[in-house]
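Residue-level listing of the chains:
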Amino acid sequence: MLQIYNTLSRQKEYFRPLHEGRVGMYVCGPTVYGDAHLGHARPAITFDLLFRYLQFLGYKVRYVRNITDVGHLEHDADEGEDKIAKKARLEQLEPMEVVQYYTNRYHHDMEALNVLPPSIEPHASGHIIEQIAFVQRILDHGYAYISNGSVYMDVEKYAKDFPYGKLSGRNLEDIVTDTRELDGQDEKKHSYDFALWKKAAPEHIMHWPSPWSEGFPGWHMECSTMGTKYLGEEFDIHGGGMDLMFPHHEAEIAQSCAALGHETVHYWMHNNMITIAGKKMGKSYNNFITLEQFFKGEHPLLTKPFSPMTIRFFILMAHYRSTVDFSSEALEAAEKGFARLQEAYARLLKLQPSDKTSGEIEEIRILRTKCQEAMDDDLNSPIVLQALFDSARVINTIHDQKASISSEDLDELRKVWKDYAIDILGLKLEENDADDNKLKAFNTAVDLLLDIRLDAKRNKDWATSDKIRNNLTELGFQIKDTKDGYEWTL
Ligand code: ZN
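Just so we're clear, the structure is a prediction, and the values are computed from it rather than from any experiment.

Procedures and definitions
Residues numbered from 1 in each chain as written. Predicted model: local features only at pLDDT ≥ 70, side-chain atom pairs only at ≥ 80, totals over all residues. Heavy atoms only, no water. Domains from an automatic or database assignment. Contact = heavy atoms within 4.5 Å. Buried area = accessible area lost by both parts, 1.4 Å probe. Salt bridge = Lys/Arg side-chain N within 4 Å of Asp/Glu carboxyl O. Polar contact = N/O pair within 3.5 Å; in protein donor to acceptor, adjacent residues only side chain to side chain. Pairing = 2+ DSSP bridges. Helix = DSSP H or I, 4+ residues; strand = E, 2+ residues; numbered from the N terminus. Axes fitted to C-alpha atoms, helices over the stretch in contact; angles between N-to-C directions. Parallel < 35°, antiparallel > 145°, perpendicular 65-115°, else oblique. Left-handed = near helix turned anticlockwise from the far one by under 90°. Nonpolar A, V, L, I, M, F, W, Y, C, P; charged D, E, K, R; others polar. Core = buried A, V, L, I, M, F, W, Y, C linked by side-chain atoms within 4.5 Å. Buried < 20%, exposed > 50% of the residue type's maximum accessible area, 1.4 Å probe, protein only. Donors = N, O, S within 2.8 Å, 3.2 Å for Na, K, Ca; no water. Phe/Tyr/Trp six-rings, centres within 6.5 Å; stacked < 30°, edge-to-face > 60°. Lys NZ or Arg CZ within 6 Å of the ring centre and 35° of its normal.

Student: So what exactly am I meant to see when it comes to the domain arrangement of the protein chain here?
Tutor: Domain annotation for the protein chain reports domain 1 (17-271), domain 2 (279-424) and domain 3 (433-489). Domain 1 and domain 2 are separated by 34 Å when their C-alpha centres are compared. Between domain 1 and domain 2, the residue contacts involve 25 residues of the former and 34 residues of the latter. Of all residues in domain 1, L38, R42 and Y53 give up the largest surface area on contact with domain 2, accounting jointly for 28% of the area buried on that side. Where domain 1 touches domain 2, the interface holds 2 salt bridges. Put simply, D48 and R312 hold a salt bridge, and the shortest N to O gap is 2.8 Å. Remark: the boundary between domain 1 and domain 2 carries 10 residue pairs in polar contact (both at pLDDT 80 or more).

Here it is as structure tokens:
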């Protein structure tokens, strides 16, 4: 039975959905003002793994992953320019052009990583009316106040009735010392109060009418609103990166309790962070590598391009609650490991069954149990991969004819690989193989044409020889006649 680590209780809990056979799951998606990087890949792959496994277990999953396109300010707090609006201003675009452009690119990267699309992908800017209604409920319950056209959460008042800081394990005093003094603080009663609605400054280009001012919602508001709109006032799982735990998710809990009188989420799940060569990712370290730069090998920290599947495999080699350190060397090792897995799978598909399974490899019968136990233990993907590597050794033994396998065991072995490596871990094991085979066929076909041309030349059939040469040249081939025959490049 599936156990997952609940950040709220700080322990693994058996997963019991609210509604039999159905799961509601919400994950904080990207703020779309730049290309996706590794920091986006990790939560996307972590919750893709959960999404895939829940479906494998037979649940009908409604997976909501939002697009943040308004309200995420530069300092991640209540101050600074909106990230989308700033990009739009610098590039002289409509904010929604920025949003569309980077949303398309995000989708493209996610598809390359074999991350399944969510069931619903709502935009914050498409839910302004719902967000205003949510803020109004908090005001009606007395947990917020209006100040100069903006609406702020009254954290002190809230903390008297509900435990504020329970997710991140902070108390109000810690939060007070952590909160920076920022512009506009004078509008708030306390530095730790956060904006539910912000009045737009005259230069602010993204704003909507509201009962309080022409303005825009606070960043935390969108997830409370869209989560409950699509999954109900109580739902099963809320996920995101650990960096979102405070203030974003803590604020979401406070907003839900203040508006609805109770917590919304049953299981809070957080993936750990990524470091690059031991350092935090950040613009100041010049180690902010986008996914596209990984795929193309275009960054000084990379020795070569790495395929999306290498990146996915590398992320899955660590448990989602452990940190992952990226380096070109580590990725090169992952690339080799992934190739071994691909090779074993190709061999598995070609194995011939015998009458019986040799005694020394009977252990492969427990491969499914091993994989399932690992997944049930808080999505322990590295243990699943280890079990698959162990079975790869068995596959190679059979391939080398040092052991035999019955047709029943072979069918089951193929099925376990299909279920766990391909469907659950989401690894594309056949893709490169197929591409390689196509490339081989292409090269052979060109050689064949040039062999025919060589024969034609020897027979002084200049018409055929020229026809082949001219047609290939027109297609962009460069053909060089040599002493022994020919060389070609494209
Ligand atoms: Zn969120």
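Student: Where do I start with the sheet that holds strand β9 (residues 235-241) in this structure?
Tutor: Strand pairing in a sheet relies on backbone hydrogen bonds, with the paired strands running either antiparallel or parallel. Pairing is parallel across the open sheet formed by 4 strands, whose spatial order is β4-β3-β9-β10. A single partner strand is all that each edge strand has here, and the edge strands are β4 (60-65) and β10 (265-271). On average, each strand axis in the sheet is inclined to that of its neighbour by 20 degrees, with strand direction left out of account. Across 3 bridges, the pairing between strand β3 (residues 22-27) and β9 is parallel.

Student: Explain the packing of helix α1 (residues 38-56) against helix α12 (residues 367-376) to me, please; I cannot follow it from the model alone.
Tutor: The geometry of a pair of packed helices is captured by two quantities: the angle between their axes and the separation between those axes. Viewed as axis vectors pointing N to C, α1 and α12 meet at an angle of 125 degrees, and their least axial separation amounts to 12 Å. As summarised for this structure, α1 and α12 are arranged oblique, according to the angle between their axes. When the axes of α1 and α12 are compared, the crossing they make is left-handed. Listed contacts from α12 to L49, Y53 and F56 of α1 are R368, Q372, M375 and D376. Of the residues in the contact of α1 with α12, the class split is 4 nonpolar, 1 polar and 2 charged.

Student: Explain the nonpolar core here, please?
Tutor: When a protein is soluble and globular, its nonpolar side chains tend to lie buried together. Counting 82 residues, the largest nonpolar core has M25, I237, F294, I311, F326, W417 and L427 as its most contacted members. When residues in this core are grouped by element, the largest group, 10 residues, is from α1. Excluding residues that lie within four positions of it along the chain, I237 makes contacts with I4, F15, V23, G24, M25, Y26, L50, L54, V265, Y267 and M269.

Student: How should the pattern of salt bridges be read in this particular structure?
Tutor: Pairs can form between side chains of opposite charge once their charged atoms are near each other. In total, this model carries 26 salt bridges according to the counting rule given. The residue E130 makes a salt bridge to K229 at a minimum N-O spacing of 2.9 Å. Residue E130 is located in helix α4 (residues 128-140), and its partner K229 is located in helix α7 (residues 221-231); the two are separated by 99 residues in the primary sequence. By relative accessible area, which is 42% here, K229 ends up partly exposed. Residue D409 pairs with R365 through a salt bridge whose shortest N-O separation is 2.8 Å. Of the two residues, D409 sits in helix α14 (residues 407-424) while R365 sits in the loop between α11 (328-350) and α12, which places them 44 residues apart along the sequence. Classification of D409 as buried rests on a relative accessible area of 10%. Of the residues examined, R365 reaches a relative accessible area of 46% and is grouped as partly exposed.

Student: Can you walk me through the coordination of the zinc ion in this structure?
Tutor: Ligation of the zinc ion by protein atoms is provided by C28 (SG), C223 (SG) and H248 (NE2), these donors lying 2.0 to 2.1 Å from the ion. In terms of primary sequence, the donors binding the zinc ion are separated according to C-x194-C-x24-H. Taken together, the residues C223 in helix α7 and H248 in helix α8 (residues 245-260) connect sequence positions 25 residues apart.

Student: Sorry, what's going on with the packing of aromatic side chains here?
Tutor: Working definition: an aromatic ring pair is given by the centre-to-centre distance plus the angle between the planes. Considering all chains together, one arrives at 20 aromatic pairs under this definition. A centroid spacing of 4.9 Å and a plane angle of 85 degrees characterise the contact between Y101 and Y102, whose relative ring orientation is edge-to-face. Judged by relative accessible area, Y101 falls into the partly exposed class, the value being 44%. Within the aromatic cluster, the residues linked to one another by ring pairs are Y143, Y158, F162 and Y164. Over the aromatic face of Y143 sits the side chain of K157, whose NZ or CZ is 5.1 Å from the ring centroid.

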